[in-house]
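# Remarks on the overall topology
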Amino acid sequence: MAGFRILVVGLGSIGRRHLRNARSLGYDVAVCRRPTSQPGPDHEFPGVPVFSGLGEAKAWRPDIAIIANVTSAHVAVARRAVDIGCHVLIEKPLSNDLVGADDLDRASRDAQLRAGIACNFRFHPALCAIKREVDAGTTGRLCSVRAEAGTYLPDWHPQANYRDEFSARKDLGGGAALTLIHEMDYVYWIAGDVSRATGIAAHASSLELDVDDVTEIVCLHTNGAVSSVHMDFIDRRYHRHCRWVGEDASIDWSWGGPVVVQYPDGTDRVAWQDPAYDFNESYLAELEDFVSAVKHNRQPAVPLLDGIKVVEIIQSVIETATLDSLPEV
């Protein structure tokens, strides 16, 4: 799509990744960011236009705005991007609350603009393989799912003070459940819609933050399956794992390893493996999917309504189930 223009809003680590990827795919790119003392894009992306607001960026006539600023501002900024005629790809999570989300959905549909969520795990070939196996009935009736993500927040950006990171701050939309939303999203995507959810969101460690650093969510899916999703900011060794248990077989995957189908007779089958897989390929795939959705006037792989639903599930736990709310035993 020659001349297709992508505006990246926000220039943190994820904004820079989107900018690099859009440029590598041959799209015209620009940045929208607030004036700041931090280095701009010039040293890494010489010649990239930089705008201080969406009103100023409008004259550049962007086709897509990738919303990659702090979580708490996603919905409001996406709504303004729609107002200047942009399709919007919103970095996960959609928001820390859903104020304005329905209005964003209506406005984008009324303007015939696409709105989607940048949730790149849905493009990871391991999770795509798991979905294919579950959809094909390999497990038989799916009964239970366990998904886990653990990482040590201060290790994310060692050069920065983790206390200032958006992930550690309630006012910016942080917290383990929202920041590590991939697990909840792919469980919803593969296991299906959720009818009930419960759990606990807690600040359980000595990390200095005002958000949850350990969250457990238990869901009952409309197909009868039960899932449990764990997310934490305190695991000193990066950890991601999921297991899918059905009446006929189970599927197991740990980060960096193969997707293994395990049968009752003790045999295993590898459904996917690639030790050399480049994780950035999932980001490239999500961007190409969204551009294709715009070009062919179809829904993106992760539509806005999915983003709303997954945040609703997490909110139902964060807002009601904390350590203080638990009855004593």
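Throughout what follows, the structure given in this document is the object of discussion. Here the residue numbers are simple positions, counted from 1 along each chain's written sequence. Totals for whole chains, interfaces and linings use every residue, but because this is a predicted model, local features are given only for residues with pLDDT of at least 70 and side-chain atom pairs only at 80 or more, for both listing and counting. As a rule here, side-chain values cover all heavy atoms of the structure and leave hydrogens and water aside.

A few words on the nonpolar core. Within soluble globular proteins, side chains that are nonpolar generally end up buried alongside one another. Only buried Ala, Val, Leu, Ile, Met, Phe, Trp, Tyr and Cys residues count toward a nonpolar core, and they belong to the same one when joined by side-chain atoms within 4.5 Å. In this scheme, a residue with accessible area under 20% of its type's maximum is buried, one over 50% is exposed, and one in between is partly exposed, where area comes from a 1.4 Å probe on protein chains only. In this structure, L94, I130 and W244 are the most contacted members of the largest nonpolar core, which totals 81 residues. By definition in these notes, contact holds between two residues if any of their heavy atoms fall within 4.5 Å. What L94 contacts, discounting residues up to four positions off in sequence, is T71, H74, V75, A101, I117, L304, G307, I308 and V311.

Here, patches come from residues exposed beyond 30% relative accessible area and free of salt bridges, joined within 9 Å for like charges and within 5 Å for nonpolar side chains (Val, Leu, Ile, Met, Phe, Trp, Tyr). Each accessible area is a Shrake-Rupley result for a 1.4 Å probe, and residues are judged covered by the shown protein chains and nothing else. Salt bridges are identified by distance alone: a Lys or Arg side-chain nitrogen within 4 Å of an Asp or Glu carboxyl oxygen. Taken together, the side chains of V218, L220 and V226 present a nonpolar region at the surface, about 190 Å² in accessible area. One can find L220 in strand β9 (residues 214–221). Counting from the N terminus, the helices are the DSSP runs of H or I reaching at least four residues and the strands are the DSSP runs of E reaching at least two.

Pairing of strand β7 (residues 142–152) with strand β11 (residues 234–246), which is carried by 9 bridges, proceeds in the antiparallel orientation. By the bridge assignment, A147 is partnered in β11 with C242. Any two strands with at least two DSSP bridges between them are considered paired. When β11 meets strand β12 (residues 250–254), the two strands line up antiparallel, connected through 5 bridges. Paired with C242 across the bridge in β12 is W253. Hairpin connection between β11 and β12: a loop of 3 residues separates the two successive antiparallel strands.

Position of Y186 relative to the elements: it lies in helix α7 (residues 182–191). For Y186, a relative accessible area of 1% translates into the label buried. For the pair Y186 and V310, spaced 124 residues apart in sequence, the C-alpha separation works out to 9.6 Å. Setting aside anything within four residues of it in sequence, one finds Y186 in contact with F121, L127, A147, H241, C242 and W244.

Turning our eyes to something else, we now look at unusual backbone geometry. Outside of glycine, negative phi angles account for most residues, and trans bonds account for most peptide bonds. Backbone torsion omega between K92 and P93 reads -15°, so that peptide bond is classified as cis. Of note, R61 is a non-glycine position whose phi angle comes to about 60°, a positive value. One can find R61 in the loop between α2 (54–57) and β4 (64–67). Here the phi dihedral of N297 falls at roughly 55°; this positive angle occurs in a residue that is not glycine. Following the sequence through the fold, N297 ends up in the loop between α8 (280–296) and α9 (304–318).

This part covers the packing of aromatic side chains. Here a pair means two rings of Phe, Tyr or Trp (six-membered ring of Trp) with centres within 6.5 Å. Their orientation is stacked below 30 degrees between planes, edge-to-face above 60, and tilted elsewhere. Counted by the stated rule, this structure contains 11 aromatic pairs. With a centroid separation of 5.5 Å and an interplanar angle of 75°, the aromatic rings of F279 and Y283 are classed as edge-to-face. F279 gets classed as partly exposed once you look at its relative accessible area, which sits at 22%. For the cation-ring pair, R17 lies above Y283, with the distance from its terminal atom to the ring centre recorded as 4.2 Å. In this scheme, the term charge over a ring applies when either NZ of a lysine or CZ of an arginine sits within 6 Å of the ring centre and within 35 degrees of the ring normal. Here the basic side chain of R236 rests over the ring of Y152, its NZ or CZ set 3.8 Å away from the ring centre.

Pairing within the open sheet is mixed, and its 8 strands lie in the order β8-β9-β10-β7-β11-β12-β13-β14. This sheet does not close on itself; its edge strands, each paired only once, are β8 (194–202) and β14 (268–272). For this sheet, the mean angle separating the axes of adjacent strands, direction not counted, is 15°. Where β8 meets β9, 8 bridges bridge the pair, whose relative direction is antiparallel. Its bridge partner lying in β9, R196 is registered against L220. The angle between two axes is taken between their N-to-C directions and runs from 0 to 180 degrees, where each axis is a line fitted to C-alpha atoms and a helix contributes only its stretch in contact.

A few words on the sheet that holds strand β3 (residues 50–51). Overall, parallel pairing links the 6 strands, which are arranged β3-β2-β1-β4-β5-β6 in an open sheet. The sheet is open, and its two edges are formed by β3 and β6 (115–118), each paired on a single side. Relative to β6, strand β5 (residues 87–91) runs parallel, the two sharing 4 bridges. What sits directly across from I90, in β6, is I117. Sheet strands touched by α8: β1 (5–9), β4, β5 and β6. Its angle to β5, the strand with the most contacts, is close to 155°.

With that out of the way, let us pick up the pattern of salt bridges. Evaluated as defined, the whole model comprises 16 salt bridges. Close ionic contact of R79 with D83 constitutes a salt bridge, the shortest N to O distance being 2.3 Å. You can see R79 and its partner D83 sitting in helix α3 (residues 74–83), 4 residues apart, about one turn around the helix. Take R79: its relative accessible area is 23%, and that puts it in the partly exposed class. For D83, a relative accessible area of 51% corresponds to the exposed category.

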